[in-house]
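Given next are the chains, with one letter for each unit.
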Amino acid sequence: FNVQSSRYFEWQVRYLHYHFKKSGQEGGLTRLLSGSHVDHLMDEVNTWVAPTYPKLAQDPYVPYNKPTAIQHWLDFSGINAEWIIVTDPDTFLLRPIAKQVTGFSKWVY
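What you see is a predicted model; the values in this text were computed from it and never measured.

Conventions we followed
Residues numbered from 1 in each chain as written. Predicted model: local features only at pLDDT ≥ 70, side-chain atom pairs only at ≥ 80, totals over all residues. Heavy atoms only, no water. Patch = residues over 30% accessible without salt bridge, like charges linked within 9 Å, V, L, I, M, F, W, Y side chains within 5 Å. Areas by Shrake-Rupley, 256 points an atom, 1.4 Å probe, with all protein chains shown as cover. Salt bridge = Lys/Arg side-chain N within 4 Å of Asp/Glu carboxyl O. Helix = DSSP H or I, 4+ residues; strand = E, 2+ residues; numbered from the N terminus. Buried < 20%, exposed > 50% of the residue type's maximum accessible area, 1.4 Å probe, protein only. Phe/Tyr/Trp six-rings, centres within 6.5 Å; stacked < 30°, edge-to-face > 60°. Polar contact = N/O pair within 3.5 Å; in protein donor to acceptor, adjacent residues only side chain to side chain. Contact = heavy atoms within 4.5 Å.

**Student:** Help me out: how do you make sense of a nonpolar patch on the surface in this one?
**Tutor:** Residues Tyr 8, Trp 11, Tyr 15, Phe 92 and Leu 94 make up a contiguous nonpolar surface patch of roughly 600 Å² in combined accessible area. Relative to the helices and strands, Phe 92 is located in the segment after helix 2 (65–76). Judged by relative accessible area, Phe 92 falls into the partly exposed class, the value being 36%.

So, in structure tokens, the structure goes:
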């Protein structure tokens, strides 16, 4: 999930992190933090700092940060996973997802 460092996203990050751990979902949860700032949540939540969308000055549509952050994380983190679930910070898990998904091809949209 992708966020910027702000009070608005802080409660969502904490809420998602809590429910991820409580759900029993296998694997890890990584917060993709757009921007060059580190913040106090980095000690609590696994975080990858990614650059902001390079053209925000011309087009300040902040959701462009999400694909930019995902691409940066995939290119530079060295992640090696069979499944990657991309979610939003205002969601939460009630039970594991990966255990329930079977019979799909490698790419599920």
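**Student:** What's the story with the packing of aromatic side chains in this structure? I'm lost.
**Tutor:** Centre-to-centre distance and the angle between the planes together describe a pair of aromatic rings. For the coordinates displayed, the defined rule picks out five aromatic pairs. Judged by centre distance (5.3 Å) and plane angle (80°), the rings of Tyr 15 and Phe 92 are edge-to-face. Within this pair, whereas Tyr 15 is found in helix 1 (residues 7–23), its partner Phe 92 is found in the segment after helix 2, the two being separated by 77 residues in sequence. Each member of the aromatic cluster is reached from another via a ring pair, and the members are Trp 11, Tyr 15 and Phe 92.

**Student:** What exactly am I supposed to notice about the side chain of Arg 31 here?
**Tutor:** Take Arg 31: it is sitting in strand 2 (residues 31–34). Look at Arg 31 and you get buried, because its relative accessible area is 1%. Of note is the side chain of Arg 31, whose polar atom sits 2.8 Å from the side chain of Asp 39. Residues contacting Arg 31, with those up to four places away along its chain left out, are Phe 1, Val 3, Val 13, Asp 39, Leu 41, Met 42, Val 45, Asn 46, Thr 47 and Trp 48.

**Student:** Looking at this structure, how should I read the pattern of salt bridges?
**Tutor:** Where charged atoms from two side chains of opposite charge come close, those side chains can pair. The tally for this structure, following the rule as stated, stands at five salt bridges. A salt bridge links Asp 88 to Lys 66, with the shortest nitrogen-to-oxygen separation between them at 2.6 Å. Linking Asp 88 in the segment after helix 2 with Lys 66 in helix 2, this pair joins segments that are 22 residues apart in sequence. Of the residues examined, Asp 88 reaches a relative accessible area of 36% and is grouped as partly exposed. Among the ionic contacts, a cluster of salt bridges with common partners joins Arg 7, Glu 10, Arg 14 and Glu 44.

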